[in-house]
Amino acid sequence: MSVVKKVAQYMADVLEDSRDKVQENLLANGVDLVTYITRFQWDMAKYPIKQSLKNISEIISKQITQIDNDLKARASAYNNLKGNLQNLERKNAGSLMTRSLADIVKKEDFVLDSEYLVTMLVVVSKQGYGDWQKTYETLAEMVVPRSTKLLFEDNDNGLFSVTLFRKAVDDFKHKARENKFTVRDFYYNEEEMKADKEEMTRLSTDKKKQFGPLVRWLKVNFSEAFIAWIHIKALRVFVESVLRYGLPVNFQAMLLQPNKKNMKKLREVLYDLYKHLDSSAAIIDASMDIPGLNLSQQEYYPYVYYKIDCNLLDFKV
């Protein structure tokens, strides 16, 4: 069951903004889960009944382990790719205080290849624009007059360029900090910026390429895992019924799907019908804490009972 849930939950993670489409991808043998269960027939080709129960159980166990291992490998590769892309996207978004400036500035905003002059980038709060214009030329000696230019604005701040002599940089940074202006350590490097853009394009393309095959794999293997899980339930019903009621085999398996309101009433009716099968089984609520009785969170009834939970998604709101 844990592997079935893992595959379903990872499908939801991969589909991201299309989570409403998750349910339509969670099918067993091409039909919705309730339909599959209500029409369940043992798959003779996959799990031949001529084999021993132990062998059938081992076949299912190996199949589930393989799906689990494959899921871990595929999820790890896709998550790494997605994580690297998100890190790059984060760098290109957010506040001017922290975001990458590479896609904001242009070559012509800078004095380049000068032995003496350098262009600095400064983040100024919108309320501080007036102060900046009044004071920037006096923050250090050798600031080029009238060299500042507003390059970009976000909701709170503006990004200004200013040109000064290289030897005044440290002094300028110090005075700017005292005046609550933030100097960004950014130097225009075309090669680096080009490499970053190419890396982002590559990661984005790789993610798109992997997305389709990954969703297809998840659909196929969710179906396989769910079908295997229901076969395990059928095996358990058979084994438990034989252990309880003995041979020759004489029992009938039924599917019941009550709504929550009728659960308690249904339990009482079933108990009255079948209490003669096992006098030691009283109706016990597993949530009751009875000293000395360890129910392992599982109820015991005079009939064989296994719950099938088709609600496999744990969406975080």
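- Under an unreviewed UniProt entry, the name given to the protein is V-type proton ATPase subunit C, and the source organism is Cynoglossus semilaevis.
- Under the heading Sequence similarities (unreviewed entry), UniProt records this for the protein: "Belongs to the V-ATPase C subunit family."

1. A few points about the pattern of salt bridges
And then number 1: Using the criterion set out here, one finds 15 salt bridges in the structure.
And then number 2: Residue K54 is joined to E58 by a salt bridge in which the shortest nitrogen-to-oxygen separation is 3.7 Å. Here E58 and K54 lie together in helix α4 (residues 53-91), a separation of four residues that amounts to about one turn.
And then number 3: Take K54: its relative accessible area is 58%, and that puts it in the exposed class.
And then number 4: Close ionic contact of D68 with K72 constitutes a salt bridge, the shortest N to O distance being 3.5 Å. On the criterion of helical spacing, the pair formed by D68 and K72 is a turn pair, its members being four residues apart in helix α4.

2. So, the nonpolar core
And then number 1: With 37 residues, the main nonpolar core has Y10, L218, F222 and F226 as its most contacted residues.
And then number 2: At the level of elements, α1 (2-15), α3 (33-38), α4 and α7 (190-245) are the ones that each hand at least two residues to this core.
And then number 3: When residues in this core are grouped by element, the largest group, 12 residues, is from α7.
And then number 4: Core analysis: the next-biggest nonpolar cluster, separate from the first, contains 19 residues, M120, V162, V169 and V183 among them.

3. Let's talk about the environment of V105
And then number 1: Following the sequence through the fold, V105 ends up in the loop between α4 and β1 (117-125).
And then number 2: You can call V105 buried: its relative accessible area is 7%.
And then number 3: For the pair V105 and F152, spaced 47 residues apart in the sequence, the C-alpha separation amounts to 8.3 Å.
And then number 4: V105 has contacts with F110, L121, L151, L159, F186, Y188 and M193, leaving out every residue within four places of it along the chain.

4. Notes on the domain arrangement of the protein
And then number 1: Domain annotation for the protein reports domain 1 (1-87 + 204-285) and domain 2 (107-187).
And then number 2: Once you take the C-alpha centre of each, domain 1 and domain 2 turn out to be 62 Å apart.

5. Regarding a nonpolar patch on the surface
And then number 1: A contiguous nonpolar surface patch, about 550 Å² in accessible area, is contributed by L53, F238, V239, L243, L247 and V249.
And then number 2: For the nonpolar patch, the element with the most residues is α7, which contributes three residues.
And then number 3: As for its position among the elements, V239 is in helix α7.

6. As for the side chain of K82
And then number 1: With respect to the helices and strands, the residue K82 is situated in helix α4.
And then number 2: Not counting residues up to four positions away in its chain, the partners in contact with K82 are D13, E16 and K207.

What counts as what
Residues numbered from 1 in each chain as written. Predicted model: local features only at pLDDT ≥ 70, side-chain atom pairs only at ≥ 80, totals over all residues. Heavy atoms only, no water. UniProt positions renumbered as here; feature names shortened; annotations may be inferred. Salt bridge = Lys/Arg side-chain N within 4 Å of Asp/Glu carboxyl O. Helix = DSSP H or I, 4+ residues; strand = E, 2+ residues; numbered from the N terminus. Buried < 20%, exposed > 50% of the residue type's maximum accessible area, 1.4 Å probe, protein only. Core = buried A, V, L, I, M, F, W, Y, C linked by side-chain atoms within 4.5 Å. Contact = heavy atoms within 4.5 Å. Domains from an automatic or database assignment. Patch = residues over 30% accessible without salt bridge, like charges linked within 9 Å, V, L, I, M, F, W, Y side chains within 5 Å. Areas by Shrake-Rupley, 256 points an atom, 1.4 Å probe, with all protein chains shown as cover.

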